[in-house]
Amino acid sequence: MNWLLVACGGAMGASLRYAATLLLKPHSLFPWPTWWVNLLGCFAAGVFLALCVKYPSLQQETRLFLMVGILGGFTTFSSFGLETFQLLRQGQHGLALLYVGSTLMLGVLVLAIGFYLVQYGLGNKTV
């Protein structure tokens, strides 16, 4: 049942992201739709986290549907923000900095590697 809750929430979150992208079409080089979605997702993650802390009786199913499903489909950046915030709350400042830096730098690096492997390597060879 948990898988179904996450899947349904994920479909809703992905649909919301698509709608937000259509509404916030970029009018410049800056990727405004993604920027807004990421910030809104982080805000919602903070709200949901506070609700879970304030009301521990919230069912696990509700958390899975809202946090993993809807927010996960809307933006995984909200999970990144939430995990970083939790590390900071636990006093793990160095680990939080390592997580943020490595996620951003390595994420862009492996994206570029994947792109160039297909663009100039694997994609140009016939099997």
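The rules behind the values
Residues numbered from 1 in each chain as written. Predicted model: local features only at pLDDT ≥ 70, side-chain atom pairs only at ≥ 80, totals over all residues. Heavy atoms only, no water. Phe/Tyr/Trp six-rings, centres within 6.5 Å; stacked < 30°, edge-to-face > 60°. Buried < 20%, exposed > 50% of the residue type's maximum accessible area, 1.4 Å probe, protein only. Disulfide = S-S within 2.5 Å. Axes fitted to C-alpha atoms, helices over the stretch in contact; angles between N-to-C directions. Helix = DSSP H or I, 4+ residues; strand = E, 2+ residues; numbered from the N terminus. Parallel < 35°, antiparallel > 145°, perpendicular 65-115°, else oblique. Left-handed = near helix turned anticlockwise from the far one by under 90°. Contact = heavy atoms within 4.5 Å. Nonpolar A, V, L, I, M, F, W, Y, C, P; charged D, E, K, R; others polar. pLDDT = per-residue confidence, 0-100. Expected span 1.5 Å × (residues − 1). Patch = residues over 30% accessible without salt bridge, like charges linked within 9 Å, V, L, I, M, F, W, Y side chains within 5 Å. Areas by Shrake-Rupley, 256 points an atom, 1.4 Å probe, with all protein chains shown as cover. Salt bridge = Lys/Arg side-chain N within 4 Å of Asp/Glu carboxyl O.

Draft legend 1. A look at the packing of aromatic side chains. Evaluation of the coordinates by the stated rule reveals six aromatic pairs. Geometrically, the ring pair formed by Phe-115 and Tyr-116 is edge-to-face, given 5.0 Å between the ring centres and 85° between the ring planes. With a relative accessible area of 47%, Tyr-116 lands in the partly exposed category. In this structure an aromatic cluster arises from ring pairing among Trp-32, Trp-35 and Trp-36.

Draft legend 2. Representation of the state of the cysteines in the model. All told, the structure shown has zero disulfides when counted by the stated rule. Here Cys-8 stays free of any disulfide, with the sulfur of Cys-52 as its closest cysteine sulfur at 19 Å. For Cys-8, a relative accessible area of 39% gives the class partly exposed. In this structure Cys-42 is not part of a disulfide, and its nearest cysteine sulfur, from Cys-52, lies 16 Å away. What makes Cys-42 partly exposed here is its relative accessible area of 25%.

Draft legend 3. A look at the packing of helix H4 (residues 77–89) against helix H5 (residues 93–121). Packing of H4 against H5 brings their axes to within 7 Å, and their N-to-C directions diverge by 160°. Taken together, the axes of H4 and H5 lie roughly antiparallel to each other. In the crossing of H4 with H5, the sense of the turn from one axis to the other is left-handed. Between H4, through Phe-80, Glu-83, Thr-84, Leu-87 and Leu-88, and H5, the contact on the second element is made entirely by His-93, Leu-95, Ala-96, Tyr-99, Val-100 and Thr-103. Looking at side-chain class alone, the contact of H4 with H5 contains seven nonpolar, three polar and one charged residues.

Draft legend 4. Representation of the confidence of the model for the chain. Chain-level pLDDT for the chain is 88 on average; 94% of the residues reach the 70-or-more range. For the chain, helix H2 (residues 32–54) is the element with the lowest average pLDDT, namely 88, and helix H1 (residues 2–23) is the one with the highest, namely 94.

Draft legend 5. The arrangement of H4 in detail. The first and last C-alpha atoms of H4 sit 18 Å apart over 13 residues, in line with the 18 Å expected at 1.5 Å per residue. Every buried residue belonging to H4 is among Ser-78, Phe-80, Leu-82, Thr-84 and Leu-87, and all of these are buried. The inward-facing, buried residues of H4 abut H2, helix H3 (60–74) and H5. Downstream of H4 by one or two residues, Gly-91 has phi in the positive range, about 80°.

Draft legend 6. Structural detail: a nonpolar patch on the surface. On the surface, Leu-23, Leu-24, Phe-30, Trp-32, Trp-35, Trp-36 and Leu-39 cluster together into a nonpolar patch covering about 710 Å² of accessible area. Of all the elements, H2 adds the most residues to the nonpolar patch, at four residues.

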